[in-house]
Amino acid sequence: MIAIHPLHQVLQHLHAGRWNAAHDLVQHDGSMLAAWLHGILHLQEGDLEDAENWYDRAARHFRSRGTLAQEIAAFEAALAASTPPDSEDSEERP
């Protein structure tokens, strides 16, 4: 069984323009990836001050970031390369 990272649902909301729903979900995740995505959401909303704060929390360089589209693509690549939370617990054992 393939585990899906919970941040995928945040991305679905982001792509559908449901920013409030995306924001409600992402703020309950304390991971570095979630902080980055939280920053991206604030970028999309045009709230650069909060975006910079979340980029700092994610240990990302806000001032040298790419465009919104580039940031979303980079985030999606990082998420795809990450291990979903609790994946060790859900892996099938031989």
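Refer to the preceding data block for the structure.
Each residue is numbered by its place in its chain's sequence as written, counting from 1. Per-residue local features of the predicted model are confined to residues with pLDDT of at least 70, and side-chain atom pairs are confined, for both listing and counting, to 80 or more; whole-chain, interface and lining totals are unaffected and use all residues. For the side-chain quantities, the full set of heavy atoms in the structure was used; hydrogens and water were omitted.

(A) Local environment of the overall build of the protein chain. Numbering of helices and strands runs from the N terminus; a helix is a DSSP stretch of H or I covering at least four residues, while a strand is a stretch of E covering at least two. For the protein chain, the count of helices and strands is six helices and zero strands. The classification of residues rests on relative accessible area computed with a 1.4 Å probe and restricted to protein chains. Under 20% of the type maximum is buried, over 50% is exposed, and intermediate values are partly exposed. Residues counted as buried form 33% of the 94 residues belonging to the protein chain. Should any heavy atoms of two residues lie within 4.5 Å, those residues are counted as being in contact. In the protein chain, once contacts between residues fewer than 6 apart in sequence are set aside, the share between residues at least 24 apart is 52%. For the accessible areas, the method is Shrake-Rupley and the probe is 1.4 Å, while residue cover comes only from the protein chains on display. As displayed, the protein chain has an accessible area near 6,000 Å², and 51% of this comes from carbon and sulfur atoms.

(B) Quick look at the packing of aromatic side chains. Pairs were defined over the aromatic rings of Phe, Tyr and Trp, the Trp ring being its six-membered one, requiring ring centres within 6.5 Å. Orientation was assigned from the angle between planes: stacked under 30 degrees, edge-to-face over 60, tilted for the rest. One pass over the structure, following the stated rule, counts two aromatic pairs. A ring pair is formed by Trp36 and Phe75, whose centres lie 5.3 Å apart and whose planes are at 75 degrees; its orientation type is edge-to-face. In this pair, Trp36 sits in helix 3 (residues 32-45) while Phe75 sits in helix 5 (residues 68-81), placing the two residues 39 residues apart along the sequence. Accessibility expressed as a relative area gives 4% for Trp36, which makes it buried. Using a relative accessible area of 0% as the deciding quantity, one classes Phe75 as buried. Ring geometry for Tyr55 and Phe62: centres 5.4 Å apart, planes at 80 degrees, overall edge-to-face.

(C) Focus on the environment of Gly39. Position of Gly39 among the secondary structure elements: in helix 3. Sequence-wise, Gly39 and Trp54 are 15 residues apart; in three dimensions their C-alpha atoms are separated by 4.7 Å. Beyond its immediate stretch of four places on either side in the chain, Gly39 contacts Ala51, Trp54 and Tyr55.

(D) Here's a closer look at the nonpolar core. Here, nonpolar core refers to any group of buried Ala, Val, Leu, Ile, Met, Phe, Trp, Tyr and Cys residues whose side-chain atoms link them within 4.5 Å. Counting 22 residues, the largest nonpolar core has Leu7, Val10, Val26, Trp36, Leu37, Ile40 and Phe75 as its most contacted members. Within the residue set of this core, elements represented by two or more residues are helix 1 (7-15), helix 2 (19-26), helix 3, helix 4 (48-57) and helix 5. When residues of this core are assigned to their parent elements, the largest contribution, eight residues, is made by helix 3. With residues near it in sequence (within four places) discarded, Leu7 still touches Val26, Asp29, Ser31, Leu33, Ala34, Leu37, Phe75 and Leu79.

(E) Inspection of the packing of helix 1 against helix 3 at higher detail. Under this scheme, a helix contributes an axis fitted over its contacting stretch, all axes are lines through C-alpha atoms, and angles between N-to-C directions fall in the 0 to 180 degree range. In contact at an axis separation of 11 Å, helix 1 and helix 3 are set at 5 degrees when each is read in the N-to-C sense. Judged by the angle between their axes, helix 1 and helix 3 are roughly parallel. On helix 3, the residues touching Leu7, Val10, Leu11 and Leu14 of helix 1 are Leu33, Ala34, Leu37, Ile40, Leu41 and Gln44. Polar here means any residue outside two lists: the nonpolar Ala, Val, Leu, Ile, Met, Phe, Trp, Tyr, Cys and Pro, and the charged Asp, Glu, Lys and Arg; Gly therefore counts as polar. Taken together, the residues that form the contact of helix 1 with helix 3 break down as nine nonpolar, one polar and no charged. Working definition: roughly parallel below 35 degrees, roughly antiparallel above 145 degrees, roughly perpendicular at 65 to 115 degrees, and oblique for all remaining angles.

(F) Highlighting the packing of helix 1 against helix 5. Relative orientation of the contacting elements helix 1 and helix 5 amounts to 160 degrees, with a least axis distance of 11 Å. It follows that helix 1 is roughly antiparallel to helix 5 by the angle criterion. Seen from above, helix 1 lies across helix 5 with left-handed handedness. Each of Leu7, His8, Leu11, Leu14 and His15 in helix 1 lies in contact with helix 5, whose residues at this interface are Ile72, Phe75, Glu76 and Leu79. By convention, the crossing between two helices is left-handed when the near helix turns anticlockwise from the far helix through less than a right angle, and right-handed when the turn is clockwise.

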